[in-house]
Amino acid sequence: MRDVTTAHPVQDLDVQPTPLALLLLGREADPRSERGVECPGDLPSPSDPDLVERARAAKEKLGDKVFVLGHHYQRDEVIQFADVTGDSFKLARDAAARPEAEYIVFCGVHFMAESADILTTGDQKVVLPDLAAGCSMADMATAEQVAECWDVLTEAGVAEQVVPVSYMNSSADIKAFTGRHGGTICTSSNAERALEWAFEQREKVLFLPDQHLGRNTAVRDMGMSLEDCVLYNPHKPNGGLTAEELRDAKMILWRGHCSVHGRFSVESVADVRERIPGVNVLVHPECRHEVVAAADYVGSTEYIIKALEAAPAGSKWAIGTELNLVRRLANRFAAEDKEIVFLDKTVCFCSTMNRIDLPHLVWALESLAEGNLVNRIEVDPETEKYAKLALERMLALP
């Protein structure tokens, strides 16, 4: 019997505890965080046997006024009501392509809903069924911390040589910072092209907030060395770096990570190869560098799905990404005799993504059907202006 957990272990992260962890209690809000967690109104009981029918009825009543987006990492009970599924950026673009929908219900996490609000029209309203559905990675880079980092780069005399490149998995504030300083956004699919563009502009890159995607792209895909990368720790004076280290570096990586992908280890890879002879190890580039180096294939969520679609019958795969997706793919391809397992022995969901459950979705849909707008995600105009600029630079990449 496998252990099942939604906890995120801390593995040599050197990150100090912050009040943000208390947000998981669902009673507080922090204006410096990318999200608040107030959820007004009474949720249906999770044991209500009519939840599925209630969701269908509310969605049918709303008709074309509502467009439901479901991220690949969502629970099956939620994903069944999605009009489209995909990764964070694909979903934001899908929302923008449906201007006739008055309500965009985003079954994902907060930064995704922010991106949808930035890319949709002013008349459309983006709703997140549970405001506590945040992202631990996005929370690892606050606007204040990044502004302080830029001051450190300025004092070291390197800021004018630096282009910020921010991962899609970041708050609107961080995207706006990136836009203001001439940078671009990237996804796990186009990180290499975004970095190529950035190095055409200047000599150095500040990569936010996922150190692993930045390092893996620079070293594995672009041929840089590990010595070309330094790690900026926002919890240490001057990021824990000297001015000389900043001057010598090509990639200044932010000390952030994905709590799910960060749990996979080289030991996980060795163990699954021993347990399943002939297995193909396929991992997401948010995994640690040594795990990526030990894997057979590396790619984004969409890459993982397409690789398994193209895989021959009878092949065996160990997947290093979020459990909901792995389990869904295992069920989908079981009839084709494709063996698909989770890379780690201890199964781990993304705890914040899993906050969007059926009771929250029913509550949001029924509220909208009754004419009550709840949990709207709205990015202020100034932040939206610069965040959209950064997103548009990404869209312009060949």
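A short note on the packing of helix H8 (residues 191-201) against helix H9 (residues 211-221)
In the contact formed by H8 and H9, the axes pass within 10 Å of each other and the chain directions differ by 80°. With respect to each other, H8 and H9 are oriented roughly perpendicular. Residues Ala191, Glu192 and Leu195 of H8 form the contact with H9, whose own contacting residues are Leu213, Thr217, Ala218 and Asp221. Of the residues assigned to the contact of H8 with H9, the class counts are four nonpolar, one polar and two charged.

Thoughts on the environment of Val374
Residue placement: Val374 occurs in the loop between helix H15 (358-369) and strand S16 (376-377). Measuring from C-alpha to C-alpha, the distance between Val374 and Leu128 comes to 8.3 Å, with 246 residues separating the pair along the chain. Setting aside anything within four residues of it in sequence, one finds Val374 in contact with Val127, Trp363, Ala364, Ser367 and Leu368.

With respect to helix H16 (residues 381-395)
Along its 15 residues, H16 runs 20 Å from first to last C-alpha, staying within 8% of the 21 Å computed at 1.5 Å per residue. Within the span of H16, buried status applies to Thr383, Ala387, Ala390, Leu391 and Met394. Angular distribution of buried residues about the axis of H16 spans 95°; they occupy a single face of the element. Within H16, the exposed residues directed more than 90 degrees away from the buried face are Pro381 and Lys385. The inward-facing, buried residues of H16 contact helix H3 (88-96), helix H4 (110-119), helix H7 (172-180) and strand S7 (184-186).

A closer look at the pairing of strand S4 (residues 103-107)
Here is the key point about a regular strand: its side chains alternate between the two faces of the sheet. Counting buried positions along S4 gives five out of five residues, so the element sits mostly inside the fold. Neither face of S4 is left uncovered, since the one carrying Tyr103, Val105 and Cys107 and the one carrying Ile104 and Phe106 both have all their residues buried. Summarising the sheet, S4 and strand S5 (residues 125-127) pair through three bridges and their orientation is parallel. Across the sheet, Ile104 pairs through a bridge with Val126, a residue of S5. After leaving S4, the chain enters H4 and then returns to the sheet as S5, a path that is right-handed.

As for the confidence of the model for the chain
Here the chain averages 89 in pLDDT, and 89% of its residues register 70 or above. Segment residues 1-37 is flagged for pLDDT under 50; beyond a separation of four residues in sequence, or across chains, it makes 79 contacts in the model.

Considering the nonpolar core
The biggest cluster of nonpolar side chains holds 111 residues, and the ones touching the most others in it are Val105, Phe207, Met251, Val283, Ile340 and Leu365. Ranked by residues supplied to this core, first place goes to H15 with eight residues. For Leu365, the contacting residues outside a window of four places in its chain are Ala55, Ala58, Lys59, Leu62, Val66, Val68 and Val105. Judged by nonpolar contacts, the second largest core, of 21 residues, contains Ala141, Leu206, Leu241 and Leu246.

Considerations on the pattern of salt bridges
One pass over the full model with this rule turns up 18 salt bridges. For Glu366, the salt bridge identified is with Arg54, shortest N-O distance 2.8 Å. Placement of the pair is Glu366 in helix H15 and Arg54 in helix H1 (residues 51-62), with a sequence separation of 312 residues. The exposure class of Arg54 is partly exposed, given its relative accessible area of 27%. Its salt-bridge partner being Arg355, residue Asp130 comes within 3.4 Å of it at the nearest N-O pair. Taken together, the residues span a long stretch of sequence, with Asp130 in the loop between S5 and helix H5 (136-139) and Arg355 in the loop between strand S15 (347-348) and H15 at a distance of 225 residues. According to the relative accessible area criterion, Arg355 is partly exposed, its value standing at 22%. Connected through salt bridges with shared partners, the residues Asp48, Arg54 and Glu366 form a single ionic network.

Parameters at a glance
- Residues numbered from 1 in each chain as written.
- Predicted model: local features only at pLDDT ≥ 70, side-chain atom pairs only at ≥ 80, totals over all residues.
- Heavy atoms only, no water.
- Axes fitted to C-alpha atoms, helices over the stretch in contact; angles between N-to-C directions.
- Helix = DSSP H or I, 4+ residues; strand = E, 2+ residues; numbered from the N terminus.
- Parallel < 35°, antiparallel > 145°, perpendicular 65-115°, else oblique.
- Contact = heavy atoms within 4.5 Å.
- Nonpolar A, V, L, I, M, F, W, Y, C, P; charged D, E, K, R; others polar.
- Expected span 1.5 Å × (residues − 1).
- Buried < 20%, exposed > 50% of the residue type's maximum accessible area, 1.4 Å probe, protein only.
- Arc of directions from axis to C-beta.
- Pairing = 2+ DSSP bridges.
- Right-handed = clockwise from strand over helix to strand, strands pointing away.
- pLDDT = per-residue confidence, 0-100.
- Core = buried A, V, L, I, M, F, W, Y, C linked by side-chain atoms within 4.5 Å.
- Salt bridge = Lys/Arg side-chain N within 4 Å of Asp/Glu carboxyl O.

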